Amino acid sequence: SNELKIAVGAMEIADKVVKDVMTKIEDVFMLPDTTILNAKTVMEIVKMGYTRIPVYQFGDKNNVTDMLFVKDLALLDPDDNFTVKTVCGYHKHPVKFVMNDTPLPNLLEAFKKGEGHLAMVKRLINTDDGHDPSYELVGVVTLEDIVEEILQAE
Ligand code: ATP
Ligand code: ATP
């Protein structure tokens, strides 16, 4: 039955972690905060079809500081030539981060508690010199990715 399949799928996510279901960083549509929101760029962004777009600073894709929601573009006048930075500064959608080895049940709990259903996935970079750990971004994960994993179980 479908109910049984969903129950089995829910059990199977217990053994999986974020990196098993995330969208890899090279496939993530992100924008530099310096992007000018004119008619052309707004059309390109809308065409991509994503609801939420990570925004990075200083040309560094590891430095994601904001989320741009496509719905934020609805009331924009393209002739104003606002930058992504300006629009993000107005809405201030928080960016969530999760480690790549976080178990999916934990991420599901976090998504249930919070209002945001997308997190940036980061990976700890080995530092054998005893200095502060550093991270690199390796993907994005959404509630949809977990639900997909539950529903695809045989
Ligand atoms: P929604 O369905 O809430 O309108 P959406 O279609 O933009 O939003 P989700 O449904 O949450 O996004 O996720 C669908 C898939 O797209 C997931 O695999 C997710 O990892 C991926 N995804 C979400 N945002 C991006 C993005 N900016 N770039 C690339 N992949 C993304
Ligand atoms: P909270 O207590 O709400 O979790 P936090 O200050 O720990 O807040 P998070 O957003 O949860 O911040 O991020 C956790 C970790 O993510 C931080 O310790 C930091 O190392 C890392 N981080 C924060 N901002 C960025 C960023 N722009 N790019 C990459 N890693 C970041």
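Since the model is a prediction, treat every value here as computed from it, not as a measurement.

1. Some details on the overall build of the protein
Scanning the protein from terminus to terminus reveals six helices and seven strands. Reading the secondary structure of the protein in the N-to-C direction produces α-α-β-β-α-β-β-α-β-α-β-β-α. Reported as C-alpha extents along the three principal axes, the dimensions of the protein are approximately 55 × 50 × 25 Å. Within the protein, the fraction of its 154 residues that count as buried is 36%. For the protein, long-range pairs separated by at least 24 residues make up 60% of all intrachain contacts whose partners lie at least 6 apart in sequence. Of the side-chain charges in the protein, 16 are positive and 26 negative, and the distance between the mean point of each set is 2 Å.

2. What to know about the packing of aromatic side chains
Inspection of the entire model under this criterion finds zero aromatic pairs. Positioned above the aromatic ring of Y135, the side-chain terminus of K122 is 3.7 Å from the ring centre.

3. Side note on the site of ligand 1
Around ligand 1, a shell composed of 13 residues is seen, among which T23, F29, T51, R52 and D145 lie nearest. T23 is positioned with one of its side-chain polar atoms (N or O) 2.7 Å from an oxygen atom of ligand 1. T142 is positioned with one of its side-chain polar atoms (N or O) 3.2 Å from an oxygen atom of ligand 1. For ligand 1, whose unbound accessible area comes to 600 Å², protein coverage reaches 72%. Within the residue set of the shell around ligand 1, elements represented by two or more residues are β3 (52–56), β7 (134–142) and α6 (143–151). Tallied by class, the residues present in the shell around ligand 1 amount to six nonpolar, three polar and four charged.

4. Quick word on the site of ligand 2
Taken together, N62, N63, V64, V95, F97, K122 and Y135 make up all the residues around ligand 2. One of the backbone N or O atoms of V64 is found 2.6 Å from a nitrogen atom in ligand 2.

5. A word on the nonpolar core
Within the largest apolar cluster, 14 residues are counted, with the highest numbers of intra-cluster contacts made by V18, V98, L104, L107, V121, V141 and I146. Elements with a contribution of two residues or more to this core: α2 (18–21), α5 (104–113), β6 (118–125), β7 and α6. Residue contributions to this core peak at three residues, all from α5. In contact with L104, other than residues within four places in its own chain, are I13, K16, V17, V18, V21, I146 and E149. Membership of the second largest hydrophobic core comes to 13 residues, among which are V42, V55, L68 and V84.

6. Some remarks on the side chain of Q57
If you trace the backbone, Q57 turns up in the loop between β3 and β4 (64–69). Not counting the four nearest positions on each side in its chain, Q57 is found in contact with D33, N63, T65 and K85.

7. Considerations on the environment of V121
Its location among the elements puts V121 in strand β6. For V121, a relative accessible area of 0% translates into the label buried. Expressed as a C-alpha distance, the spacing of V121 and K85, which sit 36 residues apart in the sequence, is 22 Å. The residues touching V121, leaving out its near neighbours within four places in the chain, are V18, M22, V98, M99, N100, E136, L137, V138, G139, V140 and V141.

Conventions and cut-offs
Residues numbered from 1 in each chain as written. Chains lettered and ligands numbered in written order. Predicted model: local features only at pLDDT ≥ 70, side-chain atom pairs only at ≥ 80, totals over all residues. Heavy atoms only, no water. Helix = DSSP H or I, 4+ residues; strand = E, 2+ residues; numbered from the N terminus. Buried < 20%, exposed > 50% of the residue type's maximum accessible area, 1.4 Å probe, protein only. Contact = heavy atoms within 4.5 Å. Lys, Arg positive; Asp, Glu negative; His and termini not counted. Charge placed at Lys NZ, Arg CZ, Asp CG, Glu CD. Phe/Tyr/Trp six-rings, centres within 6.5 Å; stacked < 30°, edge-to-face > 60°. Lys NZ or Arg CZ within 6 Å of the ring centre and 35° of its normal. Near = heavy atom within 4 Å. Polar contact = N/O pair within 3.5 Å; in protein donor to acceptor, adjacent residues only side chain to side chain. Areas by Shrake-Rupley, 256 points an atom, 1.4 Å probe, with all protein chains shown as cover. Nonpolar A, V, L, I, M, F, W, Y, C, P; charged D, E, K, R; others polar. Core = buried A, V, L, I, M, F, W, Y, C linked by side-chain atoms within 4.5 Å.

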